[in-house]
Amino acid sequence: MTETKPNEMTGTPAAEDALLSIRDLHVEFKTYGGSIRAVRGVDLDVAAGECIAVVGESGCGKSVTAKSILQLLPSHNSEVTGGQIIFDNVDLLQYNDREMQKLRGNKISMIFQDPMTSLNPTMTVGRQIAEVLIKHQHLSREEARKKTIEYLAMVGIANPEKRYKEYPDRLSGGMRQRVMIAIAMCCNPRLLLADEPTTALDVTIQAQILDLMRGLQQQFNTAIILITHDLGVVANMARRVLVFYAGKVVEEGMADDIFYRPRHPYTWGLIKSMPRLNSEKKEDLVSIEGTPPDLFAPPKGCAFAARCDHAIQLCLEKDPPMFNIEGRHCAACWLAMENMPDALRPAWMKAEKVNVEDFD
Amino acid sequence: MPKYILKRCIIAVFTLLVLITIIFFLVRLLPGDPFNDPKVTDEVRARLEAYYGMDKPLIQQYFAYLGNLLKGDFGVSLIYTGRSVNSTIAQTFPYSADLGLRALGLALVVGLILGTLAAQKAGRVIDYVCVLVAIIGVSMPDFIIGALLKLIFAIKLRVLPAGLWNGFSYTILPVVALSFYTLALITRLMRSSMLEVIHQDYILTAKAKGLSNFQVIWRHQIRNSILPIVTVMGPLVAAVLTGTFVIESMYAIPGMGKFYVESVHDLDYTMVLGMTAFYGIFLVSANLVVDILYGIVDPRIKLAESKQKADDGEEG
C-alpha cells in the first residue's frame, strides 16, 4: 500500500483497547494443483466484550480466519504465511502447541456450525463439558461434575442432572448447540469464536440460541466474533460488521453503516439478496451474478470487479485499499475514494439511508 | 438389556443344538467306524457296540447323547479305553487357551498401537512400515510364518526353543506366529477406522477445548474408532482358535488341536462330537460377549430396547 490518498487507511496500528487484533493475515492451503490463497491480508479488531460479525459467502475465508486464531487449521496442508494475531498484547502465531492448548477452550473458545456432529457420540455430554473444567481449572472430577450441572442449567437445559449422564444422540440439535455453548463458555473465555452457530438449526431455535449467546455475552463480558452468512443473524447480534470477500475484508463498519449506508457493491449485493417478506411482486430470489474468483491465482485488481456492475478500468488494474468513509466505516472500493467523481457512483452509494425497495 | 441378553442366550443354545445334531449325523455318515480293525472279530465288535450303546437305533443314541450332554457329560473315547472326553478336554484345553489368549492379547495390543500410529502419521514413513507389516501378515498363512520363525530363531540363530510348552521362552514363537494374521487385520482396520474419525467435527471440538494431542487421541479418537475392531472380534477369536491346530502341531504343543485332528482321523465319534460341541460353546459365547460389548462401547447402539428420542427438547 504505497498510495496515500486522503481517506486511505494504511496499516492501522492495533487499537489500544483491542482484545484481539489481526493484522495482514495471510493463510494458504497447499494442494497438488498449487496454493490456494484463502486469506489474503485480513485486518480485524475486537474490543473486550464487543460482538462483531463476519459475513460473506462460502469460501471467502471467514472460517479459515477464525480457525487460524486458535491454530486449528490442519497442519499438513495449510500454513499462515504472514501477519500477526495479537491477543492480549501477545502474538499468538509465536505460540507453540503447548501454549496454544492452555489458551484454547480457556481464554478463547469456539463453537462450530453443526451441533449434530460436533459432539463426541461415545461420551456423555456431561463429561464432555467436565473435561474442559478439569483441564483448565484443575477441578476434581466431583467439582467438575457439580459445575457442569450448573452450566447445563445456565444454558437452558432442563433436568441437567439427568442430561449430564446422557449421550449426545438423545439430544435435539438445539440442545446439542446449547451443550456446545456450555463447553465454550464454562471457563469464562474472553473471546468466543462462533462459526455459523445457527446455520444448522431451524429458525425458531436459531432465535433461542442467539438469545442465549447474547445473555451470556453480557453476563461474562465475553467478546464474540460471529461468523455467518445470514444477515438476519447479524442484525440481531452484532454492533460492528466486517464483510469478507475472496479472503479479504471489503467493508467494515457499524451494523447501521453496513445495512443502511453500504459503500461496497458486494455488500449491496448481499443486502439486495436478502429475501423480504413484504415484497408484493412475485419474483425470484435475487442473487449476485457470477462466481468468486479463483484463489489459486487471484486477480490483479479488485477481486469483485468481474461481478461488479459499476466496475471501472481502475478496478481491473489495481486492488483498492481500504478507504475511510466516516468513523470506523470503511470500504475497499475505488468508488468509495473521496476524490472519485460522483457521477461514477451508483445512486445507492450516495444515499444517506438506502431502502432496498427503492432500487429494484 | 437383560431381555436382550436372554434372547441371545436362547438363540445361542439353539445354534449349539443344530451344530451338535449336524455333527452327530455327519460323523456317522463317514465310511468306516471306530472298530474298523482287521484284528477285531465280529463277536468282539458286537460286544463293543453293545458296551458303547451303539447297537441301539441311531435316533435313540442321539437322544441319549443329548441327555448326557445336559448333565455335562461328553461321553468316553471309543479309541482310548478308560479316557473320557471331559478329562481329555480338561487336560488339553488349558494349553490351547493359553496359546490362543496370549496370541489374541498380543494381536490386540500391537495391532491397536500400530493402527493408531499409522493413522496419526498417515502418509509418513511410520505409516508405510505399519501398512507393510499388515500386508505381510494378511497375505502369509500362519504355517508359513510359523515355519519361517522356527527356521530363523530356533534353527539358525538358536535363541528360542523350537517346540514344546515349558515356560515363557517356549511361548514366544508360537504366539507370534499365531497372532500375526490377527495383528495385521487389526492394524489395517484400526488405521482406516481412525483415519475416518480424525476428520470428524468432534475431534476439532476436542482440540478447540485445549486438550493435548494425547488426550484427543486417547479419549476421543480411540473409542470412536475401535468399534469395527469389536465387530470382528468374534470371527477373530475363531481364527485364532482354529489357527491353534496348525501351530500346536508345528510346535508340538500338547493342546486340544492335536486331539481334535486325531479323533477325526480315528473316527472317534464321541471325541469329535465332544470337542466340536466344546469349540461351539466357546465360539458362540465369544460372539455373545462381543455383541454385549458393542452396546457398551457405542451407546448409540441401544440393545433391542426402543430408543426414546429426547422429547423435552426446545420444541416442547
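Quick look at the structure, then. Computed from a predicted model, the values in this text were never measured in an experiment.

Calculation criteria
- Residue positions are given per chain, counted from 1 along the sequence in the order it is written.
- Chain labels run from A onward and ligand labels from 1 onward, assigned in the order the entries are written.
- With pLDDT at 70 or above as the cut-off, local features in this predicted model cover only qualifying residues; side-chain atom pairs require 80 or more to be listed or tallied, and sums for whole chains, interfaces and linings still use all residues.
- Secondary structure elements follow DSSP: runs of H or I of four or more residues count as helices, runs of E of two or more count as strands, with numbering from the N terminus.
- Throughout, radius of gyration means the C-alpha value; the globule benchmark is 2.2 Å times the number of residues raised to the power 0.38.
- With C-beta atoms placed from the backbone, a residue counts as buried when 20 or more other C-beta atoms lie within 10 Å of its own, as exposed when 12 or fewer do, and as partly exposed for counts between those limits.
- In this description, a residue-residue contact is defined by the distance between C-beta atoms placed from the backbone, which must lie within 7 Å.
- Every axis in this analysis is a line fitted to C-alpha atoms, fitted for helices over the stretch in contact. Angles between the N-to-C directions lie between 0 and 180 degrees.
- Under this scheme an angle from 65 to 115 degrees is roughly perpendicular, one under 35 degrees roughly parallel, and one over 145 degrees roughly antiparallel; angles in between are oblique.
- Crossing handedness is read from the near helix: turned anticlockwise from the far helix by less than a right angle, it gives a left-handed crossing, and turned clockwise, a right-handed one.
- Residues were grouped as follows: Ala, Val, Leu, Ile, Met, Phe, Trp, Tyr, Cys and Pro as nonpolar; Asp, Glu, Lys and Arg as charged; and all remaining residues, including Gly, as polar.

## Topic: the overall build of chain B
- The helix and strand tally for chain B stands at 12 helices and 0 strands.
- In chain B, the order of α-helices and β-strands from amino to carboxyl end is α-α-α-α-α-α-α-α-α-α-α-α.
- Over its C-alpha trace chain B gives a radius of gyration of 25 Å, far above what one expects of a compact globule, namely 20 Å for 316 residues.
- Taken over the C-alpha atoms alone, chain B extends approximately 85 × 65 × 30 Å along its principal axes.
- Here chain B, with 316 residues, has 32% of them falling under the buried criterion.
- Within chain B, contacts between residues at least 6 apart in sequence are counted, and of these 74% link residues at least 24 apart.

## Side note on the interface of chain B and chain A
- In this complex, chain B contributes 23 residues to the contact, which on the side of chain A involves 33 residues.
- If you list the elements that add at least two residues to the side of chain B that touches chain A, you get α8 (201-208) and α9 (213-225) of chain B.
- Considering every element that reaches the side of chain B that touches chain A, the biggest residue donor is α8 of chain B, with 7 residues.

## Considerations on the environment of asparagine 355 of chain A
- With respect to the secondary-structure elements, asparagine 355 of chain A resides in the segment after α13 (347-350).
- In sequence terms asparagine 355 of chain A and phenylalanine 259 of chain A are 96 residues apart; their C-alpha atoms lie 9.2 Å from each other.

## Considerations on the packing of helix α6 (residues 142-156) of chain B against helix α10 (residues 227-250) of chain B
Residues and elements named next belong to chain B.
- The geometry of α6 relative to α10 is characterised by a closest axis approach of 10 Å and an angle of 25 degrees between their N-to-C directions. Between α6 and α10, the angle is such that the two are roughly parallel. Where α6 crosses over α10, the handedness of that crossing is right-handed. Counting all contacts with α6, which are made through Asp142, Phe143, Gly146 and Ala147, the residues of α10 involved are Gly243, Val246, Ile247 and Met250.

## A few points about the packing of helix α4 (residues 85-120) of chain B against helix α5 (residues 125-139) of chain B
Residue and element names in this part refer to chain B.
- Two elements in contact, α4 and α5, have axes separated by 8 Å at closest approach and are oriented at 140 degrees. Overall, the two elements α4 and α5 adopt an arrangement that is oblique. For the crossing formed where α4 meets α5, the hand is left-handed. Residue-level inspection shows Leu114, Leu117 and Ala118 of α4 in contact with α5, the latter providing Ile126, Asp127, Cys130, Val131 and Val133.
- Along the lines of polarity and charge, the residues of the contact of α4 with α5 split into 7 nonpolar, no polar and 1 charged.

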